[in-house]
Amino acid sequence: MMSAPADPPPGRLPGRPRWLVVSLVVAALSFAIIALGTMRISVDTSGLTGPQVGRPAPDFRLEDLDGRLTALSDLRGRPVVVNFWASWCIPCREEAPLLADAQARYAAAGLQVLGVIFQDDAGAARAFMERFAVRYPGLLDPDGQTAIDYGVRGIPETFLIGRDGTIRRVFLGQLRVDTFRAGIQELL
Amino acid sequence: VSRRRAVPSGWILAVIGGVALAIAVLAASTGSPTMAERARVLDLQLRCPICQGVSIADSPSESAAQMRTIVRDRLAAGASDDEVRAYFVARFGTWVLLAPPADGLGALLWILPGASMLAGALALLWPARWRRLDVVRAARTDVDPDVDVDPVIARSRWPAAAGVGLILVAVAVPLVVAIAPRVAGQEISGRPASQTLLGLEELVSRAQAQPDDTTTALDLGAAYLDAGRAADAAEAYGAVLQRQPDLVEAVLGLGVAALDGGRPDAAVALFDRALAIDPTIADAYLYRAIARFAVEGGTSELTRDDARRFSAMKPTDPRVSAAERLAGGEVPARPRPAP
């Protein structure tokens, strides 16, 4: 196909073949440009990116572990945190105290935290809520429709919803104290 | 170098193009697919949201099964394939489509690799004839020795260089796009471990040289704790807190120093403060349980809750057995942090 880079012909100064250098530089540059482009997206942990941000939060009407119904639309006018979790998810356990703390700290300001239990056993979910002193509802999503409506890509995933029912921030993965609290401050 | 030798390669290209066209026409003209076939095709196009780069057709997960059910329900309700895709794109974004959309930036992903591959192949094949011409031209220098041959030979390699470069681009683009989201998904949250390999003396001299360096001061505090010098540790952490009163690592360290220094009541208050700053610090629950055990002289409900919370948050931590013993009412010793 292509000619092998032969030894420099007599009369030519020996050195690195120019064609090889050029093709490697072209490939490396294009690789770097694309990699940088995708990197820029990945370092954002503010929760302000994501297809759901700025859209109306999909409504749901779900039962908690004790059979009590909760509808998101009933909470219109209040800031709401919707957190998808499961007892088998380790990051969910690590962030559970932060959510319980937020519910306790900002309840007076009207904040309501709602947990949506994702593919979990009811008994294990109940034990989890007792262990982490979770005082907000743990809602069952038996056919997974709510998780699909919210475009949940993995758990934990947490949605901050404003008083007008619009999704303001989406946190993928374990919550960070700083960005989570900053997001809540904006909702209040 | 006759014209006749160049013709067959043109024919080969024409035949390949013709066959590809025929296949495309045949594929397009076969009868309209059944609903099950449409569902199967859609399954293969939709990304399983909780998996890694697998379609919902290929994943045994519950989420994928739920999405397959939705695909079939919507087709049965009369939705078109585009409407089914739009249903999922509205919820997950275009990310849910395993094949990126062929418009906007997505179009570039489709066109760039193919175009560069084709251009690269042409650049590699085409100059074969040019090179032969160059050789002929170079041979003429035998007649006229004053003609410089080298630039001719060097120039003949440029198209090949471009070809290699373009083919590398064609391979690199889809590769990066495929790998990048996975790397992004592996982002690990957590605070940096302040483990250091420096010895205590070295840390002391560093801290003296740079008294305002927080990292060094925190490392020094940890080193004092390891050496059993609780009072010195408390001083190191206290100095940090003078500058940054809400630095949770320093509050936690000061609490451990108070615990080791025989002041469990002060330690409980410090762990409370650490957890008010950041409720996700698992260590603070464990140490608060130990301190409270010392204050109360036994395992209370609060102590048990804290110990069990630590075990739940850090199930693989070597200190879990100590936490479980504490929850069971055994006298605890302060377990060393995980190495």
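Note that this is a predicted model, so its numbers are computed, not measured.

### Description of the overall build of chain B
Item 1. Looking only at helices and strands, one finds 16 helices and zero strands in chain B.
Item 2. In chain B, of all internal contacts separated by at least 6 residues, the share reaching a separation of at least 24 is 50%.
Item 3. When the accessible surface of chain B is split by element, carbon and sulfur atoms take 61% of a total near 19,000 Å².

### Overview of the sheet that holds strand β5 (residues 138-140) of chain A
Residues and elements named next belong to chain A.
Item 1. One open sheet holds the five strands; their spatial order is β5-β4-β3-β6-β7, and the pairing between them is mixed. What marks the edges here is a single partner per strand, and that holds for β5 and β7 (167-172). Mean inter-strand twist for the sheet, computed between neighbouring axes without regard to direction, equals 20°.
Item 2. With five bridges joining them, strand β6 (residues 157-161) and β7 adopt antiparallel strand pairing. Within the sheet, the bridge partner assigned to glutamate 157 lies in β7 and is leucine 172.

### Topic: helix α2 (residues 35-45) of chain B
All names here are of chain B.
Item 1. Looking at α2, one finds that the buried residues are Ala39, Leu42 and Asp43. Looking down the long axis of α2, one finds its buried residues gathered within 105° of arc, a one-sided arrangement.
Item 2. For α2, the elements touching its buried residues are α3 (62-76) and α4 (81-92).

### Some points on the nonpolar core
Item 1. Core analysis: the biggest nonpolar cluster contains 97 residues, and Phe84, Tyr150 and Phe180 of chain A have the highest contact counts within it.
Item 2. Setting aside its immediate chain neighbours within four residues, phenylalanine 84 of chain A contacts Val116, Thr146, Ala147, Tyr150, Val152, Ile155, Pro156, Glu157 and Phe159 of chain A.
Item 3. Listed in part, the 18 residues of the second largest apolar core include Met67, Ala79, Val96 and Leu97 of chain B.

### Quick word on the packing of helix α15 (residues 301-313) of chain B against helix α16 (residues 320-327) of chain B
A pair of packed helices is captured by two measures, namely the crossing angle of their axes and the spacing between those axes.
Residue and element names in this part refer to chain B.
Item 1. Where α15 meets α16, the axes come as close as 8 Å, and the angle between the chain directions of the two elements is 155°. Put simply, α15 runs roughly antiparallel to α16. Read as a crossing pair, α15 and α16 show a hand that is left-handed. The segment α15 lies against α16, with Thr303, Arg304, Ala307, Arg308, Phe310 and Ser311 engaging Val320, Ala323, Glu324, Leu326 and Ala327.
Item 2. A per-class count over the contact of α15 with α16 returns six nonpolar, two polar and three charged.

### Observations concerning the state of the cysteines
Item 1. Scanning the entire structure with this criterion turns up two disulfides over all chains.
Item 2. Note that cysteine 89 of chain A is cross-linked by a disulfide to cysteine 92 of chain A, the S-S spacing being 2.1 Å. Where cysteine 89 of chain A bonds to cysteine 92 of chain A through sulfur, the torsion about that S-S bond is close to 85°, and the disulfide is right-handed. Both residues of the pair, cysteine 89 of chain A and cysteine 92 of chain A, count as buried.
Item 3. Across a sulfur-sulfur distance of 2.0 Å, cysteine 48 of chain B and cysteine 51 of chain B are joined as a disulfide pair. Across the S-S bond linking cysteine 48 of chain B and cysteine 51 of chain B, the dihedral sits near 55°, which makes this disulfide right-handed.
Item 4. Accessibility expressed as a relative area gives 0% for cysteine 48 of chain B, which makes it buried.
Item 5. For cysteine 51 of chain B, a relative accessible area of 22% puts it in the partly exposed group.

### Regarding the side chain of serine 87 of chain A
Residue and element names in this part refer to chain A.
Item 1. For serine 87, the location among the structural elements is in the loop between β3 (80-85) and α2 (90-106).
Item 2. A residue is classified by how much of its surface remains accessible, and serine 87, at 11% relative accessible area, is buried.
Item 3. For serine 87, the contacting residues outside a window of four places in its chain are Arg93, Asp120, Ala124, Ala125 and Phe128.

### Description of the side chain of glutamate 94 of chain A
Item 1. Mapped onto the elements, glutamate 94 of chain A comes out in helix α2.
Item 2. With residues near it in sequence (within four places) discarded, glutamate 94 of chain A still touches Gln174 of chain A together with Thr280, Met313 and Lys314 of chain B.

### Describing the packing of helix α10 (residues 214-226) of chain B against helix α11 (residues 230-243) of chain B
Residue and element names in this part refer to chain B.
Item 1. Taken N-terminus to C-terminus, the directions of α10 and α11 make an angle of 155°; their axes are 7 Å apart at the nearest point. On the basis of their axis angle, the class for α10 and α11 is roughly antiparallel. Judged by the twist between their axes, the crossing of α10 over α11 is left-handed. The residues of α11 that touch α10, namely those facing Thr214, Ala217, Leu218, Leu220, Gly221, Ala222, Tyr224 and Leu225, are Asp232, Ala233, Ala236, Tyr237, Val240 and Arg243.

### A short note on the packing of aromatic side chains
Residue and element names in this part refer to chain A.
Item 1. Under the counting rule described, the total for this entry stands at ten aromatic pairs over all chains.
Item 2. Measuring from ring centre to ring centre gives 5.8 Å for phenylalanine 84 and phenylalanine 159, while their planes differ by 80°; the resulting arrangement is edge-to-face. With phenylalanine 84 in strand β3 and phenylalanine 159 in strand β6, this residue pair connects regions lying 75 residues apart in the sequence.
Item 3. Between the aromatic rings of phenylalanine 128 and phenylalanine 132, the centroid separation amounts to 5.0 Å while the plane-to-plane angle is 55°, which identifies the pairing as tilted.
Item 4. Relative accessible area serves as the criterion here: at 8%, phenylalanine 128 is assigned to the buried category.

### Considerations on the environment of alanine 234 of chain B
Residue and element names in this part refer to chain B.
Item 1. Mapped onto the elements, alanine 234 comes out in helix α11.
Item 2. For the pair alanine 234 and tyrosine 224, spaced ten residues apart in sequence, the C-alpha separation works out to 8.8 Å.
Item 3. With residues near it in sequence (within four places) discarded, alanine 234 still touches Leu254 and Ala257.

### Let's talk about the pairing of β3 of chain A
All names here are of chain A.
Item 1. Summarising burial for β3: six of the six residues are buried, a large majority.
Item 2. The alternating pattern of β3 places Val80, Val82 and Phe84 and Val81, Asn83 and Trp85 on opposite faces, both of which are buried.
Item 3. For the segment spanning β3, α2 and strand β4 (residues 112-117), crossover handedness is right-handed.

### Brief notes about the pattern of salt bridges
Item 1. Counted by the stated rule, this structure contains 21 salt bridges over all chains.
Item 2. With a shortest N-O distance of 2.7 Å, aspartate 43 of chain B and arginine 72 of chain B are connected by a salt bridge. One end of the pair, aspartate 43 of chain B, is in helix α2; the other, arginine 72 of chain B, is in helix α3, and 29 residues separate them in sequence.
Item 3. Judged by relative accessible area, which is 1%, aspartate 43 of chain B ranks as buried.
Item 4. Between aspartate 306 of chain B and arginine 292 of chain B there is a salt bridge, and its shortest N-O distance comes to 3.4 Å. Of this pair, aspartate 306 of chain B sits in helix α15 while arginine 292 of chain B sits in helix α14 (residues 282-296), and the two are 14 residues apart along the sequence.
Item 5. For aspartate 306 of chain B, a relative accessible area of 2% gives the class buried.
Item 6. Counted as one network, the salt bridges with shared partners bring together Asp64, Asp66, Arg68 and Arg126 of chain A.

Parameters and conventions
- Residues numbered from 1 in each chain as written.
- Chains lettered and ligands numbered in written order.
- Predicted model: local features only at pLDDT ≥ 70, side-chain atom pairs only at ≥ 80, totals over all residues.
- Heavy atoms only, no water.
- Helix = DSSP H or I, 4+ residues; strand = E, 2+ residues; numbered from the N terminus.
- Contact = heavy atoms within 4.5 Å.
- Areas by Shrake-Rupley, 256 points an atom, 1.4 Å probe, with all protein chains shown as cover.
- Pairing = 2+ DSSP bridges.
- Axes fitted to C-alpha atoms, helices over the stretch in contact; angles between N-to-C directions.
- Buried < 20%, exposed > 50% of the residue type's maximum accessible area, 1.4 Å probe, protein only.
- Arc of directions from axis to C-beta.
- Core = buried A, V, L, I, M, F, W, Y, C linked by side-chain atoms within 4.5 Å.
- Parallel < 35°, antiparallel > 145°, perpendicular 65-115°, else oblique.
- Left-handed = near helix turned anticlockwise from the far one by under 90°.
- Nonpolar A, V, L, I, M, F, W, Y, C, P; charged D, E, K, R; others polar.
- Disulfide = S-S within 2.5 Å.
- Phe/Tyr/Trp six-rings, centres within 6.5 Å; stacked < 30°, edge-to-face > 60°.
- Right-handed = clockwise from strand over helix to strand, strands pointing away.
- Salt bridge = Lys/Arg side-chain N within 4 Å of Asp/Glu carboxyl O.

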